[in-house]
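Chains, contacts and geometry: an overview
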Amino acid sequence: MIEALIRASLANRALVLMLAGLLTAAGFWALARMPVDAIPDLSDVQVIVFTEWPGRGPTLVEDQITYPISTTLLSAPRVRYVRGQSFFGLSFVNVIFEDGTDLYWARSRVLEYMSTAVARLPEGVTPTLGPDATGVGWVFEYALVDRSGKLDLGELRSLQDWNLRYALASVPGVAEVASVGGFAREYQVQVDPNRLRSFGISLAEVVAAVRASNQETGGGVIEIAGHEQVIRGRGLVASAAAIERLPLRASARGTPVRVSDVAVVSLGPEMRRGVAELDGEGEVVGGIVVMRWGENALAVIDAVKRRIEEVRPGLPEGVEIVPAYDRSQLIGGAIGTLRRTLLEEMAIVSLVIFAFLLHVRSALVPILTIPVGVLLAFVPMYYQGLTANIMSLGGIAV
């Protein structure tokens, strides 16, 4: 069989060269389109359901949020495990699907079954799906540093949350840009219990008044001199002073009791449970870029870097974007290792063949066949949905 194949190949050299060229071109085509990453993605097909219920303890969160969601999702198709975690004010439910399940099909099934679970949750609680990413989607991290000292951590966090984060989230292949460190600003109403008691006002009345006043309403239109004038009620809070002026009730003499009479309103930092620090030089504000499932990690990182260069001129004076973690360096190292190994293999095998056979044409055989064989390996990898990573490239090198 092998002798017949060799005899046929020698008799049809042009056909063999043409087939080899076509296969080599197919290998180049698959290599150019194959996702490149540093590490293989061996994580399960997982959908995370995240729910916030501020101020409640883990036991209450477990009984009224985690348990109803978990029991509802147990009956979803192709679900292997459902794991719930309850924290102070937070609930996480991890839904693990069978291997081979499409991630977006799994997310749609979770959304379908969540419509049933929402009816069993407390009023005002809204579950949210996590990003369409996996455990190895963390591909890039950066820090915002102000060398001039003009901006504090609160202002840097606002710059990250309202400008830079949205610019990077629009990059193709990015599932989420998470903010870390700094201080998220919020309006804080610090109620004095003695003042509440003196006016006979409950804390619930203060909460209801603030919530009801921070909204806008529509009132239709009215015709004046042949023109329609739009009527609307404007009530969105724009400053701490606006909250202080909110009326709670009228006193016995008809004087309005305002929020400023029972509380101190200020603009302050949100309570945080961690910090971000860079190189031992102090706290910074950072961002974590999470790649969408199935994307090309190297292409996503390059696109993120280009977008950072685009927004860099618009940053305040003295503010710098410092990369803290860049997986493309590891990816480049893996590709460089494969390239170096292939060159070493071709050189060593050629030298060994030449030393034993003393025939130059025979020594040229591995120089041509090894690269072609490597390129052919990428064709089935591409159609199987595999990525070019340390494991797959190492196997090709071996």
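The present account deals with the structure reproduced in this document. (Residues numbered from 1 in each chain as written. Predicted model: local features only at pLDDT ≥ 70, side-chain atom pairs only at ≥ 80, totals over all residues. Heavy atoms only, no water.)

1. A short note on the overall build of the chain
Of the regular secondary structure elements, the chain holds 13 helices and 14 strands. For 398 residues, the compact-globule estimate of 2.2 N^0.38 gives 21 Å, and the C-alpha radius of gyration of the chain, at 31 Å, exceeds that figure by more than 25%. In the chain, of all internal contacts separated by at least 6 residues, the share reaching a separation of at least 24 is 71%. With 35 positive and 41 negative side-chain charges, the chain shows a spacing of 2 Å between the two charge centroids. (Helix = DSSP H or I, 4+ residues; strand = E, 2+ residues; numbered from the N terminus. Rg over C-alpha atoms; globule rule 2.2 N^0.38 Å. Contact = heavy atoms within 4.5 Å. Lys, Arg positive; Asp, Glu negative; His and termini not counted. Charge placed at Lys NZ, Arg CZ, Asp CG, Glu CD.)

2. Quick look at the sheet that holds strand 2 (residues 79-87)
Strand order in the open sheet made by the four strands is 2-3-1-4, with antiparallel pairing throughout. Of all strands in the sheet, those bounded by a partner on one side alone are strand 2 and strand 4 (128-129). Packing against the sheet, helix 4 (residues 103-117) makes contact with strand 1 (45-52), strand 3 (90-97) and strand 4, and its axis sits at approximately 35 degrees to strand 1. (Pairing = 2+ DSSP bridges. Axes fitted to C-alpha atoms, helices over the stretch in contact; angles between N-to-C directions.)

3. Quick notes on the environment of Gln229
Along the chain, Gln229 turns up in strand 9 (residues 227-233). The partly exposed category is assigned to Gln229, whose relative accessible area is 37%. Apart from the residues within four sequence positions on either side, Gln229 is in contact with Gly220, Val221, Ile222 and Ile224. (Buried < 20%, exposed > 50% of the residue type's maximum accessible area, 1.4 Å probe, protein only.)

4. A few points about the packing of aromatic side chains
This model, assessed by the stated rule, comprises six aromatic pairs. Here Phe50 and Phe92 contribute two aromatic rings whose centre-to-centre distance is 5.1 Å and whose plane-to-plane angle is 40 degrees, an arrangement assigned as tilted. Taken together, the residues span a long stretch of sequence, with Phe50 in strand 1 and Phe92 in strand 3 at a distance of 42 residues. Note on Phe92: relative accessible area 26%, which makes it partly exposed. Their ring planes at 65 degrees and their centres at 6.0 Å tell us that Tyr104 and Trp293 sit as a pair that is edge-to-face. One end of the pair, Tyr104, is in helix 4; the other, Trp293, is in the loop between strand 13 (285-291) and helix 10 (297-311), and 189 residues separate them in sequence. Aromatic rings pair up to connect Trp29, Tyr382 and Tyr383 into one cluster. Taking the ring centre of Tyr166 as reference, the NZ or CZ of Arg165 above it sits at 4.7 Å. (Phe/Tyr/Trp six-rings, centres within 6.5 Å; stacked < 30°, edge-to-face > 60°. Lys NZ or Arg CZ within 6 Å of the ring centre and 35° of its normal.)

Without other data, these values stay purely geometric and don't point to any function.
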